[in-house]
Amino acid sequence: MKFILIIFILFLLNNCSLNKDSKYWTEDVVKKNRDQKKLSKVLKKSDDIRNMIYDEYKIYIDDYTKKSKYPDINQ
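The shown structure was predicted, so the numbers you read here are calculated from the model rather than taken from an experiment.

Calculation criteria
Residues numbered from 1 in each chain as written. Predicted model: local features only at pLDDT ≥ 70, side-chain atom pairs only at ≥ 80, totals over all residues. Heavy atoms only, no water. Helix = DSSP H or I, 4+ residues; strand = E, 2+ residues; numbered from the N terminus. Contact = heavy atoms within 4.5 Å. 1 Å grid on protein atoms, 1.4 Å probe; cavity = no way out; pocket = protein on both sides within 12 Å on 5 of 7 lines; lining within 4 Å. Points joined across faces, edges and corners; volume = space filled by probe spheres on them. Nonpolar A, V, L, I, M, F, W, Y, C, P; charged D, E, K, R; others polar. Patch = residues over 30% accessible without salt bridge, like charges linked within 9 Å, V, L, I, M, F, W, Y side chains within 5 Å. Areas by Shrake-Rupley, 256 points an atom, 1.4 Å probe, with all protein chains shown as cover. Salt bridge = Lys/Arg side-chain N within 4 Å of Asp/Glu carboxyl O. Buried < 20%, exposed > 50% of the residue type's maximum accessible area, 1.4 Å probe, protein only. pLDDT = per-residue confidence, 0-100. Axes fitted to C-alpha atoms, helices over the stretch in contact; angles between N-to-C directions. Parallel < 35°, antiparallel > 145°, perpendicular 65-115°, else oblique. Expected span 1.5 Å × (residues − 1). Arc of directions from axis to C-beta.

Draft legend 1. Expanded view of the side chain of D63. With respect to the helices and strands, D63 occurs in helix 4 (residues 54-67). Here D63 is in contact with L39 and L43, once residues within four sequence places are set aside.

Below, the structure written as structure tokens:
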């Protein structure tokens, strides 16, 4: 019985992700929400891109390229 319990515990521990590069642990919800708010403000101003400042324009272009159907040239 102890042997089965030890194997079961080892099995559970192996399933846990202790990798620090794991997306679950490194996901920053606060930063993601802040970026989403910035993006929504920029998209409201996107009617006239000439009035955007550089940072707003950069956010706008980054979002546009993510949504575009062009192939990724970095591969």
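Draft legend 2. Region of interest: the layout of surface pockets. Size it by volume and the largest pocket reaches roughly 220 Å³. Looking at the largest pocket, the residues that line it are K32, D35, Q36, K38, L39, I59, D62, D63 and K66. Listing elements by their share of the lining of the largest pocket, those giving two or more residues are helix 3 (29-44) and helix 4. Among the elements that take part in the lining of the largest pocket, helix 3 stands out by supplying five residues, more than any other. Of the residues in the lining of the largest pocket, the class split is two nonpolar, one polar and six charged.

Draft legend 3. Representation of a nonpolar patch on the surface in the model. A cluster of nonpolar side chains, namely L5, F8, I9, F11 and L12, defines an oily patch on the protein surface of about 500 Å² accessible area. Examined against the element boundaries, I9 turns out to sit in helix 1 (residues 2-15). Residue classification places I9 among the partly exposed residues on the basis of a relative accessible area of 42%.

Draft legend 4. Layout of the confidence of the model for the chain. Averaged over all residues, the pLDDT of the chain is 76; the fraction at 70 or higher stands at 79%. Mean pLDDT in the chain bottoms out at helix 2 (residues 23-26), which sits at 58, and peaks at helix 4, which reaches 84.

Draft legend 5. Highlighting the packing of helix 3 against helix 4. Two numbers describe how helix 3 lies on helix 4: the axes approach to 9 Å, and their chain directions differ by 95°. By the angle between their axes, helix 3 is roughly perpendicular relative to helix 4. Between helix 3 and helix 4, the contacting residues are K38, L39, V42 and L43 on the first element and E56, I59, Y60 and D63 on the second. When the residues that make up the contact of helix 3 with helix 4 are grouped by side-chain class, the tally is five nonpolar, no polar and three charged.

Draft legend 6. Inspection of helix 4 at higher detail. With 14 residues, helix 4 should cover 20 Å at 1.5 Å per step; its first-to-last C-alpha distance of 20 Å lies within 8% of that length. Taken together, the buried positions of helix 4 are E56, Y60 and D63. The buried side chains of helix 4 occupy one side of the element, clustering within an arc of 70° when seen end-on. Opposite its buried face, helix 4 presents the exposed residues Y54 and K66, each directed more than 90 degrees away. The elements touched by buried residues of helix 4 are helix 3.

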